[in-house]
Amino acid sequence: MNRTLPRQSTLLIALVIVVVDQVSKGVASSVLQDGHTLPLLPHLISLQLVHNTGAAFSVLRGSTALLGLLSLGVGIGLILLIWRQRVLPFWQALASAALLGGTLGNGLDRWRLGYVVDFLALEPIDFPIFNGADVAINLAVLCFGIDLWTRRGETSRG
């Protein structure tokens, strides 16, 4: 079964991710006080507001302008890549949409606020606090992996 998604659907998924990400960050910013923790799923996930001026794991902390330009470049590149295709293989489309949505979600924070709003904290392990855009970017990596795996299987059969 060779499933595909049209470019419009791919871009719509990315837009939904950006909207959900921005709304969730807005709610978190209005409900949470900086430094306070609110249990969401006890002993699993809590809400804790953090303003991150770096990238993942606070790499390049304080490099908001550089990271904002990087987000813009990646976003434009992904839009052009998606738009050049009438249809994309299903997992590649999901990966592209998630990466675009996550990149733009965090990019919007950097451009508007000068930092990224993070608010999801895993309790059982010591892991950096993250947000919906970060989840989307990680899901993109997973979807790209699935795309490579499924296309590898198609190549070996055909």
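Fair warning: this is a prediction, and the values are worked out from it, not measured in the lab. (Residues numbered from 1 in each chain as written. Predicted model: local features only at pLDDT ≥ 70, side-chain atom pairs only at ≥ 80, totals over all residues. Heavy atoms only, no water.)

Caption draft 1: Region of interest: the side chain of R7. Among the secondary structure elements, R7 is positioned in helix α1 (residues 7–31). Nearest to the buried, unbridged R7 among oppositely charged side chains is D147, at 18 Å. Contact partners of R7, with chain neighbours within four places excluded, come to I82, W83, Q85, R86, V87 and L88. (Helix = DSSP H or I, 4+ residues; strand = E, 2+ residues; numbered from the N terminus. Buried < 20%, exposed > 50% of the residue type's maximum accessible area, 1.4 Å probe, protein only. Lys, Arg positive; Asp, Glu negative; His and termini not counted. Salt bridge = Lys/Arg side-chain N within 4 Å of Asp/Glu carboxyl O. Contact = heavy atoms within 4.5 Å.)

Caption draft 2: A look at the pattern of salt bridges. Taken as a whole and assessed by the stated rule, the structure comprises four salt bridges. Here K25 and D21 are joined by a salt bridge, their closest N and O atoms 2.9 Å apart. Taken together, the residues K25 and D21, both in helix α1 and four residues apart, mark about one turn of the helix. Here the two residues K25 and D21 agree in accessibility, since each one is buried.

Caption draft 3: Fine view of the sheet that holds strand β5 (residues 116–122). Ordered by their spatial adjacency, three strands build an open sheet running β2-β3-β5, and the pairing between neighbours is antiparallel. Edge positions in the sheet fall to β2 (37–41) and β5, since each has one partner strand and no second. In this sheet, neighbouring strand axes are inclined to one another by 40° on average, regardless of whether the strands run parallel or antiparallel. Bridging between β2 and strand β3 (residues 45–52) involves four bridges; their strand directions are antiparallel. Along β3, the bridge assignment pairs L41 with I45. (Pairing = 2+ DSSP bridges. Axes fitted to C-alpha atoms, helices over the stretch in contact; angles between N-to-C directions.)

Caption draft 4: Structural detail: the environment of I13. Locating I13 in the fold gives a position in helix α1. Given a relative accessible area of 29%, I13 falls into the partly exposed group. Along the primary structure I13 and V141 are separated by 128 residues, whereas in three dimensions their C-alpha atoms are 16 Å apart. Residue contacts for I13: discarding those within four places in its chain leaves L5, L94 and A97.

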